[in-house]
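# Remarks on the overall topology
Below, each chain spelled out in residue letters.
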Amino acid sequence: MQTQKRFTKKEKSWIMYDWANSIYATNIMAAIYPSIFASAFEGGDIIWGWGTSVATFLVAILAPFLGAIADHKGMKKKLFTAFALIGILFTPLMAFFGNLKLCMIGYVVSRLGFSGSCLFYDSFLTDVTTDERMDRVSSWGYAAGYIGGSTIPFIISIGMLLIFDYSHFAQVFSVLIVSAWWFIFSIPFLLNVKQEHYIEEKGAFNPVQIIKNVIGTFKEICSHKAILFFIIAYFFYIDGVDTVISISTAYGATLGLGTTGMILALLVTQIVAVPCSIIFARLSEKFSARKALMGAVAVYIVICIVGFVMGYIIEPDQAAYKKMLSSGAAPYEERVNAQEDGAYAAFLKEAEEAFKGSDAEKAFGEIKVFESEEHAELETEFKAAVYQHVSANIAVVDEFKSSLSISTILFWSMACLVGTVQGGIQAVSRSYFGKLVPKERSNEFFGFFDIFGKFSCVIGPALYALIASATGYSCYGVLVLIVLFGLGLATLILSRKHLDSAVSA
């Protein structure tokens, strides 16, 4: 097994589960369902945030205890199957868009099932392959996930939404395809993957004994310097990785980048991540996993610098552009809002987009200030005054458009850079941790690994929000993320002796 190049049936089946479940992460957690949910229910974004927090918190708290149970003979596969089926069966409830309670129950419980199955899936890595092949198998898992759930069904779902103009049918389809895809491609794992490493112990399911086991594992992590240093490094750099993922589109929208362009950039990230995840496995084999991780963290520092430059170029010009546009429209604010509530703000938003284009006059002319024709005279007067004001300050518009084009190029560059390391850093981290922990207790250790992964995306967003609010510029919020990556990189460097000796032992 150590020398053969082809994957075994167990390795292929394990890899296939990443192909199966990644559609949930794309369609439900990130790209499609959140926007549908927010549009379907008043205050949907806030409710969605609370649902996400509850599901994530439950998994993080339960992970070590579930891990302690799963390490006993015959339990890991049973728990994996139970959580996977919970996720698959509860996802369709989210398609009942007319019922908020059903949607939220479906989301919270299905996400609990998804996250729980991923916990056991990660720990099964120690059962399906050897230490020497772990980086390669783990990286191919992420690559399969990017091709499968993150690309093929995602494009199908987007195509259905566009073809059927975001109809109820298309929205329901984007949810149901998740369960169907997830279940069908989970079958190889369910049939072929078995728990090879386990502990046999009487009274395994005594609650007191389980708590003692969890406390004992935590103490063992603290006393095992290699595991402790790695998990500290992981906490910091994965916090930065998760923050980059979670704020990238919001940051781009804040800078005025187009939604369509950002969605396409997301697709580019997924496509680039496929070969790069596999390349990372080769790099870890040639130079060591620790050095591969250090290289990935260094790339993320470059990503933060590119993100900062992108915002630093455009934000001052954007502020001047918005101020110029609003000053031209301001004399009409009360008159416009008196005729139709919200028309003034909506017009400003559309006008911002109109003047970005090459045929600004035509785009501006097509904007409707009021729904009805009874205020046509005011609309004509209002738009003429704004256009005249913009024409008199064309230098401000040109400066902003120039900055926008540069920042758009930088955003695409950043998307490509993220694609080169996003899958690799997660895959190698997973396999590296798998090499450090005792095989027969891998699930219990991965339970703590999961806690750090779930709670990691806390410091980064808070730092971003704090610095962006204090300075008034979002670009400084991106720049401060370098601190997280720097701490992770420093820990990997300073703990070289412990980490390298533990893996080579």
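To be clear, the structure that these remarks concern was listed above.
In what follows, the accompanying structure is described. (Residues numbered from 1 in each chain as written. Predicted model: local features only at pLDDT ≥ 70, side-chain atom pairs only at ≥ 80, totals over all residues. Heavy atoms only, no water.)

Along the backbone of the chain there are 24 helices and zero strands. Scaling as 2.2 N^0.38, a compact globule of 505 residues should have a C-alpha radius of gyration of about 23 Å, and the chain matches this with 25 Å. Taken along the three principal axes of its C-alpha coordinates, the chain extends 85 × 50 × 45 Å. Within the chain, the proportion of its 505 residues that are buried is 52%. Of the contacts made within the chain by residues no fewer than 6 positions apart, 83% connect residues no fewer than 24 positions apart. When the accessible surface of the chain is summed, it comes to about 22,300 Å², and 66% of that surface belongs to carbon and sulfur atoms. (Helix = DSSP H or I, 4+ residues; strand = E, 2+ residues; numbered from the N terminus. Rg over C-alpha atoms; globule rule 2.2 N^0.38 Å. Buried < 20%, exposed > 50% of the residue type's maximum accessible area, 1.4 Å probe, protein only. Contact = heavy atoms within 4.5 Å. Areas by Shrake-Rupley, 256 points an atom, 1.4 Å probe, with all protein chains shown as cover.)

So, on to a nonpolar patch on the surface. On the surface, L85, I86, L89, F90, I105, F183, I184, I187 and L191 cluster together to form a nonpolar patch covering roughly 780 Å² of accessible area. Tallying contributions element by element places helix α4 (residues 75-90) first for the nonpolar patch, with four residues. Here I105 lies in helix α5 (residues 100-123). Given a relative accessible area of 42%, I105 falls into the partly exposed group. (Patch = residues over 30% accessible without salt bridge, like charges linked within 9 Å, V, L, I, M, F, W, Y side chains within 5 Å. Salt bridge = Lys/Arg side-chain N within 4 Å of Asp/Glu carboxyl O.)

Here we come to the environment of D18. Following the sequence through the fold, D18 ends up in helix α1 (residues 9-31). Contact partners of D18, with chain neighbours within four places excluded, come to Y121, G141, Y142, G145 and R430.

So, on to the pattern of salt bridges. This structure, assessed with the given rule, holds 11 salt bridges. Among the salt bridges present, the one from D127 reaches K76, with a minimum N-O distance of 2.7 Å. Of this pair, D127 sits in helix α6 (residues 125-128) while K76 is found in helix α4, placing the two residues 51 residues apart along the sequence. Pair check on accessibility: D127 and K76 agree, each one buried. For K435, the salt bridge identified is with D135, shortest N-O distance 2.8 Å. Here K435, found in helix α19 (residues 394-436), pairs with D135, found in helix α7 (residues 131-147); they are 300 residues apart in sequence, far enough to count as distant. Counted as one network, the salt bridges with shared partners bring together D18, D122 and R430.

The next point concerns the packing of aromatic side chains. This model, assessed by the stated rule, comprises 38 aromatic pairs. Between F37 and F41, the ring centres sit 5.1 Å apart and the planes meet at 55°, which makes this aromatic pair tilted. Per residue, the accessibility class of F37 equals that of F41, and both read buried. With centroids separated by 4.8 Å and ring planes inclined at 55°, the aromatic side chains of W181 and F185 adopt a geometry described as tilted. Look at W181 and you get buried, because its relative accessible area is 13%. F185 sits in the partly exposed class, given a relative accessible area of 25%. Members of the aromatic cluster, joined through ring pairs, are Y332, Y344, F347, F355, F364, F382 and Y387. Here K76 stacks its cationic end above the ring of F124, 4.9 Å away from the centre of that ring. (Phe/Tyr/Trp six-rings, centres within 6.5 Å; stacked < 30°, edge-to-face > 60°. Lys NZ or Arg CZ within 6 Å of the ring centre and 35° of its normal.)

The end-to-end C-alpha distance of helix α23 (residues 482-494), which contains 13 residues, comes to 18 Å, matching closely the 18 Å that a straight helix rising 1.5 Å per residue would cover. Along α23, the residues classified as buried are L484, F485, G488, L489, T491 and L492. Taken around the axis of α23, the buried residues stretch over an arc of 160°, which confines them to a single face. (Expected span 1.5 Å × (residues − 1). Arc of directions from axis to C-beta.)

Okay, the side chain of S277 next. Examined against the element boundaries, S277 turns out to sit in helix α13 (residues 259-287). Taking the relative accessible area as the measure of exposure, S277 reaches 1% and is therefore buried. Among the polar contacts listed, one links the side chain of S277 to the backbone oxygen of A273, at a separation of 2.7 Å. Sequence-distant contacts of S277, that is, excluding residues within four places in its chain, are made with S139, Y142, A143, Y146, G423 and G424. (Polar contact = N/O pair within 3.5 Å; in protein donor to acceptor, adjacent residues only side chain to side chain.)

Glancing now at the nonpolar core. Ranked by internal contacts, the top residues of the largest apolar core, which has 141 residues, are W14, F230 and Y237. Counting residues per element, this core draws most heavily on helix α14 (residues 289-329), which supplies 18 residues. Beyond its immediate chain neighbours, meaning those up to four positions away, F230 contacts Y237, L293, S429, Y432, F433, L436, F449, L492 and L499. In terms of nonpolar packing, the next biggest core, distinct from the first, is built from seven residues, Y142, A143, Y146 and A273 among them. (Core = buried A, V, L, I, M, F, W, Y, C linked by side-chain atoms within 4.5 Å.)

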